[in-house]
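Each chain is listed here by its residues.
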Amino acid sequence: QVQLVESGGGLVPAGDSLRLSCAASGRTFTIYRMGWFRQAPGKEREFVSAINRNGGNIVYADSVRGRFTIASDNTKNTVYLQMNSLKPEDTALYYCAAKISPINSYQYWGQGTQVSVSS
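All chains use their own residue numbering, which begins from 1 and follows the written sequence. Restriction of local features to residues with pLDDT of at least 70 applies here, the model being predicted, together with a cutoff of 80 or more for giving and counting side-chain atom pairs; totals for whole chains, interfaces and linings are based on all residues. Water and hydrogen atoms play no part in the side-chain values, which are based on all heavy atoms of the structure.

### Details of the nonpolar core
Note the cut-off: As used in this record, nonpolar core signifies buried Ala, Val, Leu, Ile, Met, Phe, Trp, Tyr and Cys residues forming a set joined through side-chain atoms within 4.5 Å. Residue exposure (1.4 Å probe, protein chains only): buried if accessible area is under 20% of the type maximum, exposed if over 50%, otherwise partly exposed. Each helix corresponds to a stretch of at least 4 residues labelled H or I by DSSP, and each strand to a stretch of at least 2 residues labelled E; elements are numbered beginning at the N terminus.
If you look at the biggest cluster of nonpolar residues, it comprises 29 residues, and the most contacted ones within it are Leu4, Met34, Trp36, Phe68, Leu81, Met83 and Tyr94. Where this core is concerned, the elements lending two or more residues are strand 1 (2–7), strand 3 (18–26), strand 4 (33–39), strand 5 (46–52), strand 7 (68–73), strand 8 (78–83), strand 9 (92–99) and strand 11 (113–118).

What follows is the structure, given as C-alpha cells:
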C-alpha cells in the first residue's frame, strides 16, 4: 500500500504562485508514476500533470502548460507542483495520485489540498 498526503494549498490573488507537495509513504518503491489532478466545484476531476518516478515522461494539461512545473525528489519520496501565474479558473481541490505500472490506472489517491485564486 502507498499513502499520499498533499500540502501547500491556500487562497492567493490572481497572478500569485503556490507550490503543492505530495509526500508518499508505505511501499514507495512500487511507484512507477505520480500525477496531479484537480476538481473544481460542479465539474469533473481533470488531469493536470504527471511524472515518472525517475523524473521522466513529464506531461501537462494544455490549460497549465507554461505556468505549472512538476518535479520529483526521490530522496524525500515527494512530488511537487509549482504553480505560477495563477488564474481564478485554477481554483479547485488538487489531488495527488500514484500508480505502480505504466498500463494500470492511478490506484492511490491523496485527500486533496484546496487551491483558491481570487480575481
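### Some details on the side chain of Lys99
Inclusion rule: Positive charges are assigned to Lys and Arg, negative charges to Asp and Glu, while His and the chain termini are left out of the count. We count a salt bridge whenever a side-chain nitrogen from Lys or Arg sits within 4 Å of a carboxyl oxygen from Asp or Glu. Polar contacts, as used here, are pairs of N or O atoms within 3.5 Å; protein pairs need one atom able to donate a hydrogen and one able to accept it. Residues neighboring in sequence count only if both atoms are side-chain atoms. Here, residues are in contact when the closest pair of their heavy atoms is within 4.5 Å.
Among the structural elements, Lys99 can be located in strand 9. No salt bridge is formed by the buried Lys99; its nearest oppositely charged neighbour, Glu6, is found at 16 Å. Separated by 3.3 Å, the side chain of Lys99 and the backbone oxygen of Asn104 make a polar contact. For Lys99, the residues in contact, after removing those within four places along its chain, are Thr30, Ile31, Tyr32, Arg33, Asn104, Ser105, Tyr106 and Gln107.

### Let's talk about the packing of aromatic side chains
Aromatic rings in a pair are described by how distant their centres are and how their planes are angled relative to each other. Which entries qualify depends on this criterion: Only centres within 6.5 Å qualify two rings of Phe, Tyr or Trp (six-membered ring in Trp) as a pair; their planes then separate them into stacked at under 30 degrees, edge-to-face at over 60, and tilted for everything else. Only when the NZ atom of a Lys or the CZ atom of an Arg is both within 6 Å of the ring centre and within 35 degrees of the ring normal do we say a charge sits over the ring.
As enumerated under the stated definition, the model contains four aromatic pairs in all. Geometrically, the ring pair formed by Phe37 and Phe47 is edge-to-face, given 5.6 Å between the ring centres and 75° between the ring planes. Separated by ten residues along the polypeptide, Phe37 in strand 4 and Phe47 in strand 5 bring together distant segments of the chain. Phe47 gets classed as partly exposed once you look at its relative accessible area, which sits at 30%. Taking the centre distance of 5.2 Å and the plane angle of 80° together, the rings of Phe37 and Tyr106 count as edge-to-face. With Phe37 in strand 4 and Tyr106 in the loop between strand 9 and strand 10 (108–109), this pair connects stretches of sequence that are 69 residues apart. On the basis of relative accessible area, Tyr106 is assigned to the buried category, the value being 15%. Three or more aromatic residues joined by ring pairs make a cluster, and in this case those are Phe37, Phe47, Tyr106 and Trp109. Positioned above the aromatic ring of Trp109 is the side chain of Arg45, whose terminal nitrogen or guanidinium carbon lies 3.8 Å from the ring centre. Lying over the aromatic face of Tyr106, Lys99 brings its terminal NZ or CZ to 4.9 Å of the ring centre.

### Let's talk about the pairing of strand 5
So the rule is basically this: Two strands qualify as a pair provided that DSSP identifies no fewer than 2 bridges between them.
With five of seven residues buried, strand 5 is to be regarded as a mostly interior element. Pairing between strand 4 and strand 5: six bridges, direction antiparallel. When the bridges of strand 5 are listed, Arg33 appears paired with Asn52. Counting the residues between successive antiparallel strands, the hairpin from strand 4 to strand 5 contains six residues, one of them, Gly42, with a positive phi of roughly 80°. Where strand 5 meets strand 6 (residues 59–60), two bridges bridge the pair, whose relative direction is antiparallel. The residue bridging Ala50 from the neighbouring strand is Val59, located in strand 6. Here strand 5 folds back onto strand 6, and the loop between the two strands holds six residues, one of which, Gly55, carries a positive phi near 90°.

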